[in-house]
Every structure is written in C-alpha cells, then in structure tokens.
Amino acid sequence: MTTAIRKPLTQASALIEHAQKHGWTVLEQWTPPGFKGAPILRVLIGRRMPEGGEFLFRLEFRTDGSKPDRAHWRARTPRNPAWHKAPVVGAIRIVIMTNSITLPPVRRGDS
C-alpha cells in the first residue's frame, strides 16, 4: 500500500494569515479521517460589509502537490451576491487588503 504524498499548503497558509491579519473571518475544514488519498483543505474566508452585503470566498487546496482545482472555487461579493467563479489568490488578497477591518490595538496591562 502506498502512502499519499503530502506537501505543505504554503499558498493557503499565506492567504489565511493575510485574511486574519486584515480582520476577516476564516473557517478551515480538512477531509475527514480515513479519507482515501491526500487530504484536502477547504477554506471559507469572509467579511460582512457595514453598508450591506458580504464577501465570501470558498476555496479548496490539495496536499498532493497538484494545483488547486479552481473549478470548485466560488465567491460571493456585494456586487454579485450569487455564487460565481472566484478569482485567483492574488486578486483575493487585494480584495481583502482593500476591504480591511481596522482592529483596535491590543492594550496590555489594563485590568
């Protein structure tokens, strides 16, 4: 029996970190235990807009080293609230940065 090759998901990790840094919500779901083949990471990145609407990106990353199956990548935006084809990671990073949530600074030592 051969073991599935597993490669680090650097693109997914960098995108998740970028989204969290800019105040967006991130949910991660891995394939269930006992899954045949290399695990798959499914990511949902989103943000509600104050004027209404939301940004949601539903993405899938594979640990077998193959390129993400972008056919399964979906998005919802305030301009297009129906699920539609998501853009590439670089474009998603720009949307996140452009629509960053300003987080209050963490104050240490206050009781």
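Just so we're clear, the structure is a prediction, and the values are computed from it rather than from any experiment.

So, the pattern of salt bridges
Moving on, step 1. Summed over the entire model, instances satisfying the criterion amount to three salt bridges.
Moving on, step 2. Here glutamate 60 ties to arginine 42 by a salt bridge, and the two come within 3.2 Å at their closest N and O atoms. With a gap of 18 residues between them, glutamate 60 in strand 3 (residues 54-62) and arginine 42 in strand 2 (residues 40-48) connect regions that are remote in the sequence.
Moving on, step 3. Looking at glutamate 60, the relative accessible area reads 9%, which means it is buried.

Observations concerning the sheet that holds strand 2
Moving on, step 1. Overall, antiparallel pairing links the five strands, which are arranged 1-2-3-4-5 in an open sheet. If you trace the sheet from one side to the other, it starts and ends with strand 1 (25-30) and strand 5 (84-85), each paired once.
Moving on, step 2. Strand direction decides the pairing type here: strand 2 and strand 3, joined by nine bridges, are antiparallel. In the strand pairing of strand 3, isoleucine 40 is matched with arginine 62.
Moving on, step 3. Of the strands in this sheet, strand 1, strand 2 and strand 3 touch helix 1 (residues 10-21), which is tilted by about 20 degrees from strand 2.

Details of the nonpolar core
Moving on, step 1. Counting residues in hydrophobic clusters, the biggest one holds 21 residues, and the most contacted among them are Leu15, Ile45, Leu59 and Phe61.
Moving on, step 2. Taken together, the elements giving at least two residues each to this core come down to helix 1, strand 2, strand 3 and helix 2 (89-98).
Moving on, step 3. Not counting the four nearest positions on each side in its chain, isoleucine 45 is found in contact with Leu15, Ala19, Trp24, Thr25, Val26, Phe55, Leu56, Phe57, Leu59 and Ile96.

Regarding the side chain of threonine 63
Moving on, step 1. Here threonine 63 lies in the loop between strand 3 and strand 4 (74-76).
Moving on, step 2. The class of threonine 63 is buried, set by a relative accessible area of 5%.
Moving on, step 3. Within polar-contact distance, the side chain of threonine 63 engages the backbone oxygen of proline 39 at 2.7 Å.

Describing the packing of aromatic side chains
The geometry of an aromatic ring pair is captured by two quantities: the separation of the ring centres and the angle between the planes.
Moving on, step 1. Going through the model one piece at a time under the given rule, you end up with three aromatic pairs.
Moving on, step 2. An aromatic cluster is built from Trp24, Phe55 and Phe57, whose rings are joined through pairwise contacts.
Moving on, step 3. Above the plane of the ring of tryptophan 83 lies arginine 58, whose end atom (NZ or CZ) is 4.3 Å from the centre.

Focus: the side chain of threonine 31
Moving on, step 1. Its place among the elements puts threonine 31 in the loop between strand 1 and strand 2.
Moving on, step 2. Residue classification places threonine 31 among the buried residues on the basis of a relative accessible area of 11%.
Moving on, step 3. Once residues within four sequence positions are removed from consideration, threonine 31 is found in contact with Pro39, Ile40 and Arg42.

Some details on helix 2
Moving on, step 1. Within the sequence span of helix 2, burial applies to Val89, Ile92 and Ile96. Buried residues in helix 2, looked at end-on, bunch into an arc of 60 degrees, giving them a common side. Turned more than 90 degrees off the buried face of helix 2, the exposed positions are Ile94 and Thr98.
Moving on, step 2. Where the residues of helix 2 are buried, they touch helix 1, strand 2 and strand 3.

Conventions used here
- Residues numbered from 1 in each chain as written.
- Predicted model: local features only at pLDDT ≥ 70, side-chain atom pairs only at ≥ 80, totals over all residues.
- Heavy atoms only, no water.
- Salt bridge = Lys/Arg side-chain N within 4 Å of Asp/Glu carboxyl O.
- Helix = DSSP H or I, 4+ residues; strand = E, 2+ residues; numbered from the N terminus.
- Buried < 20%, exposed > 50% of the residue type's maximum accessible area, 1.4 Å probe, protein only.
- Pairing = 2+ DSSP bridges.
- Contact = heavy atoms within 4.5 Å.
- Axes fitted to C-alpha atoms, helices over the stretch in contact; angles between N-to-C directions.
- Core = buried A, V, L, I, M, F, W, Y, C linked by side-chain atoms within 4.5 Å.
- Polar contact = N/O pair within 3.5 Å; in protein donor to acceptor, adjacent residues only side chain to side chain.
- Phe/Tyr/Trp six-rings, centres within 6.5 Å; stacked < 30°, edge-to-face > 60°.
- Lys NZ or Arg CZ within 6 Å of the ring centre and 35° of its normal.
- Arc of directions from axis to C-beta.

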